[in-house]
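Structural features, examined
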Amino acid sequence: MYKSYISNDRLLFPPNLGDFIPADAPVRLISDIVDQMKLDEIHKSYSSSCDGQPPYNPVMLLKVLLYGYTNNIFSTRGLESAMTRDVHLIWLSSYQFPDHTTISRFKTRCMPHIKEVFSQLVELLVKRGDIDLADDLYIDGTTIRSRAARRKIKWRGNAEKFSAMADAEIQRTVEALLKQIEVSDNHNDNIPTGHVTYTKEEAREIAERIEQKAKKEGLKNVRGKITAIRKACDRKETHERTLEQCGGRCGVAPTDPDCGIMHAKEDGYDTMATPNYNVQIATQNQYVTNYKVYDQPSDKTVAIDFVDTCVNENRVKPSSVVEDAGYGCEEVYVGLEKRGIEAVVKYPDYDTQSRRTPVKEGQYDPLGFKLSEDESTLICPGGHRLRVIRTDEEYTRNGFRSDSTTMTCDHISGCPFNDKCILTKHQRKEMRRRLGNIREERKAKARLDIPANQEKLKRRSVEPEPVFGQLKHNHRYTRFRHFGKAKVEMDIGFMLMGLNILKLHKNMQKSA
C-alpha cells in the first residue's frame, strides 16, 4: 500500500509558501534584516514618473541578491533560473520573477550605495552586541583573481623601452626626410631643422606638410618615410597610453586596468604575477566590519589608508589594530601612533627573534646589530659603534619619509668576527639600514611581549583567516565576475554581507 500520489493535483485552497520554510531558516533572517534597513538612497535613484511599467521593489531585489550570495548563486542568470524552482526565493519575491537583466541593473544601481547598505548591517550587529567597533580590530588581506586574461599583460618596462625605440625612430626618420628636401624650402614651410627633438605632433605635422608638397611638386622617395613616421608616432602613442594606465604599477591588464599585477597563491602561476585585486578586511568575532579593494600587492602600502577607511565609515576609532608581519614597517607604526591607535603589529623578524635560542658568548650573531643609545647608528655584534657614511632621504609610495643610512666599521681588521661579519661580505664593506624602522621595531617588540597583546596575536589566527576560508573554500569565491574596481567592490560587498548573515544565523542557533 502506498500513500496517495496524484501528479498535478488541484487544491481547493492554495498552500502558503511560508509553511514550507522552517522558522529558523536563514532566508527568514535575510528578510528580517533587509526590512530593518533604510534604502532611501536606492529609492531616490528610481524615476518618479508614472509612465511605463512600475519597477520591482528594491527591498525584494536586495533580499533576492543576498539569498543568492549566501547560497553560492553569483550570476544573475543563475538567480533568474533559481527563482522559478526554489521555494525560498519564491517566498522572498512574493511570486514575482524579475529577469536577469533587471537583477543586473539593480546591482549596478546599488554600486554607489553598497558601503551604506553594508554599514547598516554592521550597525545592526553592534546593536545586538555581537561586535564592539571601539574594541580590537583584526585586519588581514588576500588576493582574488581579476576577470582579466592572465596572459595578456602589458608591462611598464616593455612600454618604456618600446616608447623610447619609437621616439628614436621618429627623430631618425624625420631628420632623414628633411635631408631629402631643400633647406630653403624647409625654411619657407616653417619646418624646424638642425638638432631638434620632435614631438609626435610636430612629426605628424612635418609628414603632412611634406606629403602635400610631394603631391604638388612631384617629389619621389618620400612616401615610405612619411608612412614610417606616422606608424612610429602611433606606436609611441600606444606605449604612452600603457604607461599612463600603469601609473606607479609594474604593469596593467588591458581588459581591466583597475586591477594590479601581483602574485596569488591560488592562481596556479606560482612564479608569475597575474591580474589580481588585494582585498583588505577588518573583522571582529569573525564578522566583517569593513572592507576595501586595492590594486597594490603590498599590505604595508595600503594599511594606513584602510585603517582610515574603517574609522571614517564606521565612525568609531578602535582601541588597537592587530595585524601580521606583512604589515610591520615604520610607516604603519608611526601612522597608528599618530592616530592614537595601539599597534599590535608584528614585524618580519619578530617570530624568528622570539623562537630562536640565545647565542652563546663568543659566538657571532648575524641579528646582533643593535641601535645605539642616541639612535644615530648601530652597534655591531662585536660591540663596535658603526661609522655613518651618508644618509639618503627616501620616501615610500604614500610619501612617508623613511631615510636609509649607510654605515661601515673601522675595527674590522682586529675583530674576532672578521670572517663571519656581514660587512666583510660586502664589496665596499658597508651596510644600509633604515634606522627609523629598527627604532619602531624595538618599540613594537616591547608592546608585543605584553601578555595581553600576546593573546591578541593568538586570536588573530582565528579572526580574519576563517573568513577567508569561508569565502574561498566553502563558497568557491576565488575570482571576480566584473571588470572595474567599483563593480568589484560592489560584488565583494554583497558576498561579505552574506557571510555576516550566515555567521549571525549560526550564532543565533547556538544561543537558542
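Predicted model only: the values in this text are computed from it and were never measured.

Leu 62, Ile 492 and Phe 494 are the most contacted members of the largest nonpolar core, which has 64 residues in total. Looking at which element gives the most residues to this core, the answer is helix 19 (residues 485-511), with 10 residues. Once you skip the residues sitting within four places of it in the chain, Phe 494 turns out to touch Leu 62, Leu 65, Leu 66, Tyr 69, Cys 110 and Ile 114. By size, the runner-up hydrophobic cluster in this structure holds 27 residues, among which are Leu 137, Val 321, Ile 341 and Val 344.

Moving on, we get to the pairing of strand 6 (residues 287-294). In terms of burial, strand 6 is a largely internal element, 8 of the 8 residues being buried. Bridge analysis of strand 5 (residues 274-284) against strand 6 gives 7 bridges, and the strand direction is antiparallel. Paired with Ala 282 across the strands is Asn 290, a residue of strand 6. The hairpin turn running from strand 5 into strand 6, its antiparallel successor, is 2 residues long, and Asn 285 in that turn takes a positive phi close to 55°.

With respect to the helices and strands, Gln 296 occurs in the loop between strand 6 and helix 12 (299-314). When the C-alpha atoms of Gln 296 and Asn 276 are compared, they prove to be 9.2 Å apart, with 20 residues separating the residues in sequence. Look past the residues within four positions of Gln 296 in its chain and what remains in contact with it is Arg 249, Met 262, Asn 278, Thr 301, Val 302 and Arg 397.

Between helix 12 and helix 13 (residues 330-338), the least distance of the axes is 9 Å, while the angle of their chain directions is 15°. When the interaxial angle is binned, helix 12 and helix 13 end up roughly parallel. Our pair here, helix 12 against helix 13, has a crossing hand that is right-handed. Note on element contacts: helix 13 touches helix 12 through Glu 331, Val 332, Gly 335 and Leu 336, opposite Lys 300, Ala 303, Ile 304 and Val 307. By residue class, the composition of the contact of helix 12 with helix 13 is 5 nonpolar, 1 polar and 2 charged.

Right, let's talk about the sheet that holds strand 13 (residues 431-433) for a bit. An order of 11-12-13 is seen for the 3 strands of this open sheet, with the pairing classed as antiparallel. Strands at the two margins of the open sheet, each flanked by one partner only, are strand 11 (387-392) and strand 13. Across the sheet, the mean angle from the axis of one strand to that of its neighbour is 25°, orientation sign disregarded.

Here the focus is the layout of surface pockets. There is about 830 Å³ of room inside the largest pocket. For the largest pocket, the lining is made up of 30 residues, of which Tyr 347, Asp 349, Asn 437, Ile 438 and Glu 441 are closest to its centre. Elements represented by at least two residues in the lining of the largest pocket include exactly helix 12, helix 13, strand 9 (370-371) and helix 16 (435-448). If you tally residues by element for the lining of the largest pocket, the top one is helix 16, at 5 residues. A class-by-class count of the residues in the lining of the largest pocket yields 11 nonpolar, 7 polar and 12 charged. When its volume is computed, the second largest pocket comes out at roughly 410 Å³. Tyr 46, Gln 53, Pro 54, Pro 55 and Tyr 56 are the residues nearest the centre of the second largest pocket, which is lined by 15 residues in total. Here the lining of the second largest pocket takes 4 residues from helix 6 (residues 100-110), the largest share from any one element. Of the residues that constitute the lining of the second largest pocket, the class distribution is 7 nonpolar, 5 polar and 3 charged.

Right, let's get into the side chain of Asn 276. Note that Asn 276 resides in strand 5. Looking at Asn 276, the relative accessible area reads 0%, which means it is buried. A polar contact of 3.4 Å, which involves the side chain of Asn 276, links it to the backbone nitrogen of Arg 145.

This part covers the environment of Lys 231. With respect to the helices and strands, Lys 231 occurs in helix 11 (residues 223-246). Once the C-alpha coordinates of Lys 231 and Ile 139 are considered, the two residues, 92 residues apart in sequence, prove to be 50 Å apart.

Now for the pairing of strand 12 (residues 404-408). With 5 of 5 residues buried, strand 12 lies mostly within the body of the structure. Neither face of strand 12 is open: one carries Ser 404, Thr 406 and Thr 408, the other Thr 405 and Met 407, and all of them are buried. With 5 bridges joining them, strand 11 and strand 12 adopt antiparallel strand pairing. Paired with Thr 391 across the two strands is Thr 405, which belongs to strand 12. Here strand 12 runs beside strand 13; their pairing, made up of 3 bridges, is antiparallel. Residue pairing in the sheet places Thr 405 in a bridge with Arg 433 of strand 13.

Put simply, the protein has an average pLDDT of 88, and 96% of its residues get 70 or more. Looking across the protein, the model is least confident in helix 9 (residues 183-188), with a mean pLDDT of 45, and most confident in strand 6, with 96.

About the thresholds
- Residues numbered from 1 in each chain as written.
- Predicted model: local features only at pLDDT ≥ 70, side-chain atom pairs only at ≥ 80, totals over all residues.
- Heavy atoms only, no water.
- Core = buried A, V, L, I, M, F, W, Y, C linked by side-chain atoms within 4.5 Å.
- Buried < 20%, exposed > 50% of the residue type's maximum accessible area, 1.4 Å probe, protein only.
- Helix = DSSP H or I, 4+ residues; strand = E, 2+ residues; numbered from the N terminus.
- Contact = heavy atoms within 4.5 Å.
- Pairing = 2+ DSSP bridges.
- Axes fitted to C-alpha atoms, helices over the stretch in contact; angles between N-to-C directions.
- Parallel < 35°, antiparallel > 145°, perpendicular 65-115°, else oblique.
- Left-handed = near helix turned anticlockwise from the far one by under 90°.
- Nonpolar A, V, L, I, M, F, W, Y, C, P; charged D, E, K, R; others polar.
- 1 Å grid on protein atoms, 1.4 Å probe; cavity = no way out; pocket = protein on both sides within 12 Å on 5 of 7 lines; lining within 4 Å.
- Points joined across faces, edges and corners; volume = space filled by probe spheres on them.
- Polar contact = N/O pair within 3.5 Å; in protein donor to acceptor, adjacent residues only side chain to side chain.
- pLDDT = per-residue confidence, 0-100.

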